[in-house]
Amino acid sequence: MTGLHEGRGASLAVLLHGWGGDETSMAVFETAFGPGWRTVRLRAPYPLPGGGYAWWIPQADGRPDPRIVQESWRALRGRMEELLHREARGAPHRVVVGFSQGGAMAALLALQAPDLVTGLAVFSGFLPDVPEAGAAPSLVGKAVFIAHGQADPLVPIAQGRALCARFQALGARTTCVEYPGGHKAGAEAWRAFREWIRGLG
């Protein structure tokens, strides 16, 4: 797992791209963070034949291979631990932002290693059908932002709503935004995301 383009700042935002992208795909998300933030864009570990990278490769039935997802999740957790130990110790805010498949990985990280993050933002994301998406501790005190297009043809809005309900049930301070768009962040989502970041304090 490669971390490229690392800006300096007191708080930490780790950005995870979606299927077929790479770390440059998340550059636009950096614009939402002010000068007090350090951003780290990570590249997923599995190269795709047509270009880009993935956090996991689906099986023949389209479902994720739990073993591969677990390997990616462990690598992501290790990278987060390394960042917090070596370069971002004492960061007041530690936020993971993910788009689509990267959003699924961000959600898994928050569910299974909540001590590593203070906040989570997921765009067009979902929870993969893997054991890591199961039981999770209380997330009281965590700030969660979820944005999803109502006309998303790749990840149906129902999955975004289920993700929102899951984090609400775990006690997180959850902001859920739906917008009339597809598999990308709409203008309404961007405005709400910037407000959410400012509200972190």
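Per chain, the residues get numbers from 1 upward, laid out in the order the sequence is written. Given that this is a predicted model, residues contribute local features only at a pLDDT of at least 70 and side-chain atom pairs are listed and counted only at 80 or more, while totals for whole chains, interfaces and linings are drawn from all residues. Neither water nor hydrogens contribute to the side-chain values; these are computed over all heavy atoms in the structure.

Draft legend 1. How the structure looks around the nonpolar core. Grouped together as the largest cluster of nonpolar side chains are 40 residues, with contacts concentrated most on Leu16, Leu109 and Phe167. Under the scheme used here, helices are H or I runs from DSSP no shorter than 4 residues and strands are E runs no shorter than 2 residues, and both carry numbers assigned from the N terminus. Within the residue set of this core, elements represented by two or more residues are strand S2 (11-16), strand S3 (37-43), helix H1 (66-87), helix H2 (101-112), strand S7 (119-123), strand S8 (143-149) and helix H3 (157-169). Among the elements that take part in this core, H2 stands out by supplying eight residues, more than any other. Those residues in contact with Leu109 that sit more than four places away from it in its chain are Trp73, Leu76, Arg77, Met80, Val96, Pro114, Leu116 and Val117. In these notes, a set of buried Ala, Val, Leu, Ile, Met, Phe, Trp, Tyr and Cys residues joined through side-chain atoms within 4.5 Å is what counts as a nonpolar core. Exposure categories follow from relative accessible area, calculated using a 1.4 Å probe and restricted to protein chains: below 20% of the type maximum is buried, above 50% is exposed, and the middle band is partly exposed. We call two residues in contact when some of their heavy atoms are within 4.5 Å.

Draft legend 2. Structural view of the pairing of S8. By the criterion of burial, S8 is predominantly enclosed, with seven of the seven residues buried. Going residue by residue along S8, you find Ala143, Phe145, Ala147 and Gly149 tucked away on one face and Val144, Ile146 and His148 tucked away on the opposite face as well. Note: two strands are recorded as paired if DSSP finds a minimum of 2 bridges between them. Of the strand pairs in this sheet, S7 and S8 are connected by five bridges, and their pairing is parallel. In the sheet register, Gly119 faces S8, and the bridge partner there is Ala143. Sheet topology note: the S8/strand S9 (residues 173-179) ladder contains seven bridges and is parallel. Across the sheet, the residue bridging to Phe145 is Thr175, located in S9. Place the viewer so that the strands point away; then a crossover is right-handed whenever the path from the first strand over the helix to the second strand goes clockwise. Between S8 and its parallel partner S9, the chain crosses via H3, and the hand of that crossover is right-handed.

Honestly, that's just the spatial picture; any functional story needs more than this.
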